[in-house]
Structures are given as structure tokens and as C-alpha cells.
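Architecture at a glance
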Amino acid sequence: MRLLSSREFQHVFDNACFKVHGKGLLALACANDLDHVRAGMVFGKKSMRRAVDRNRLKRLTRESIRLRQHWLPAVDIVVISKRGVADLDSETLQRQLDGMWRRLEQDVKRKNRKVSPA
């Protein structure tokens with residue numbers, strides 16, 4: 001897994017083909033031409049006041065992507081925090097992230113099936 005540059009962030013925001021919602025989180029994704037996943041995170045002060053909470057969420061998100069990077073499709077992902085995410089404990093956050101990655105995998109497979117000739 002590699003982190004996104006600012007130009008790549010903007011590309012994902014402008015061309016997000018996939019949106020996956022979780023409780024307190026939103027993941028935007030678009031396909032890349034590489035054979036691996038790249039990720040970026042936007043966790044603002046409005047959704048989490050304390051830096052320690054933002055850092056915990058970043059650590060959990062990076063670890064979740066790292067553990068699933070071999071199953072995730074070749075996409076660029078930007079994870080955005082929403083209000084209320086700071087109230088979730090680590091176990092709930094982990095479940096949310098795992099569910100989001102499963103839905104992202106399914107959405108990409110579904111889109112690829114529609115695009116490929118049958």
C-alpha cells in the first residue's frame with residue numbers, strides 16, 4: 001500500500017467511481033492503472049476534536065487497508081471522517097472498515113462485470 005499525493009487526492013475527489021459509507025466514515029475510490037491499492041485519509045477537526053483520536057483513526061485505517069491490500073482491487077481510496085466517528089470504539093471501527101472494504105470489492109467486481117463483454 002502506498003499513500004496518495006495531493007494531485008492523486010484531487011483526482012479521486014473529481015473522479016470517484018465508488019462511494020462506500022460506513023458509520024462515521026466515507027470512502028471514495030476510483031480505479032488506478034497499477035496493480036495495488038493506494039490510500040489517503042481526510043480526518044478533520046470538525047469530526048474529531050482531539051489529535052489523539054484522529055491519529056488513532058489513521059492508524060486503524062492504515063492497518064485495515066494493509067491487512068486487506070492483497071484482496072482489494074487496484075483503486076485509489078480516500079477515507080473521510082464524518083461527525084460521530086470519535087464516539088466509536090476501536091472494535092466497532094474495525095468492523096466498519098472491514099465491511100466498507102468488502103462492499104468496495106463487490107462494487108468494483110459488479111462494475112467490471114457490466115463493462116466486460118459477455
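Residues numbered from 1 in each chain as written. Predicted model: local features only at pLDDT ≥ 70, side-chain atom pairs only at ≥ 80, totals over all residues. Heavy atoms only, no water.

Describing the overall build of the chain
- Assigned secondary structure in the chain consists of three helices and five strands.
- Reading the secondary structure of the chain in the N-to-C direction produces β-α-β-β-β-α-β-α.
- In terms of principal-axis extent, the alpha carbons of the chain reach across some 50 × 30 × 20 Å.
- Here the chain holds 118 residues, and the buried ones make up 44% of them.
- The contacts of the chain with a sequence gap of at least 6 include a subset with a gap of at least 24, amounting to 80%.
- Separation of charge centres in the chain, based on 26 positive and 13 negative side chains, amounts to 5 Å. (Helix = DSSP H or I, 4+ residues; strand = E, 2+ residues; numbered from the N terminus. Buried < 20%, exposed > 50% of the residue type's maximum accessible area, 1.4 Å probe, protein only. Contact = heavy atoms within 4.5 Å. Lys, Arg positive; Asp, Glu negative; His and termini not counted. Charge placed at Lys NZ, Arg CZ, Asp CG, Glu CD.)

Observations regarding the nonpolar core
- Leu25, Ile77, Trp101 and Leu104 are the most contacted members of the largest nonpolar core, which has 25 residues in total.
- Put simply, the parts of the chain that give this core at least two residues each are β2 (18-22), β3 (25-31), β4 (38-42), α2 (51-68), β5 (75-81) and α3 (90-115).
- No other element matches α3, which puts six residues into this core.
- If we ignore the near neighbours within four places in the chain, the residues touching Ile77 are Leu4, Ala27, Leu28, Ala29, Val37, Arg38, Ala39, Gly40, Leu72, Trp101 and Leu104.
- Listed in part, the eight residues of the second largest apolar core include Leu26, Leu28, Val78 and Ile80. (Core = buried A, V, L, I, M, F, W, Y, C linked by side-chain atoms within 4.5 Å.)

Considerations on the confidence of the model for the chain
- Scored by pLDDT, the chain has a mean of 90; 97% of the residues are at 70 or more.
- Per-element confidence in the chain is highest for β5, whose mean pLDDT is 95, and lowest for strand β1 (residues 2-3), whose mean pLDDT is 80. (pLDDT = per-residue confidence, 0-100.)

Some remarks on helix α1 (residues 6-14)
- Buried within α1 are the following residues: Glu8, Phe9 and Val12. For α1, the arc enclosing every buried residue in end-on projection is 105°, short of the 170-degree limit, so these residues lie on one face. Those residues of α1 that are exposed and angled more than 90 degrees off the buried face are Ser6, Arg7 and Asp14.
- On its buried face, α1 sits against β1, β3, β4 and β5. (Arc of directions from axis to C-beta.)

Looking at the sheet that holds β5
- A sheet is described by the order of its strands in space; here five strands give the open sequence β1-β4-β5-β3-β2, paired in mixed fashion. Of all strands in the sheet, those bounded by a partner on one side alone are β1 and β2.
- As defined by bridge partners, β2 adjoins β3 across five bridges and the pair is classed as antiparallel. Following the sheet pairing, Lys19 is matched in β3 by Leu28.
- Seen against the sheet, α2 touches β3, β4 and β5 and runs at an angle of roughly 160° to β4. (Pairing = 2+ DSSP bridges. Axes fitted to C-alpha atoms, helices over the stretch in contact; angles between N-to-C directions.)

Observations regarding α2
- A rise of 1.5 Å per residue sets the reference length of α2, with its 18 residues, at 26 Å; its end C-alpha atoms lie 26 Å apart and thus fit the reference within 8%.
- When α2 is considered as a whole, its buried residues turn out to be Asp53, Arg54, Arg56, Leu57, Leu60, Thr61, Ser64, Ile65 and Arg68. Taken around the axis of α2, the buried residues stretch over an arc of 160°, which confines them to a single face. Set apart from the buried face of α2 by more than 90 degrees, the exposed residues are Val52 and Arg59. (Expected span 1.5 Å × (residues − 1).)

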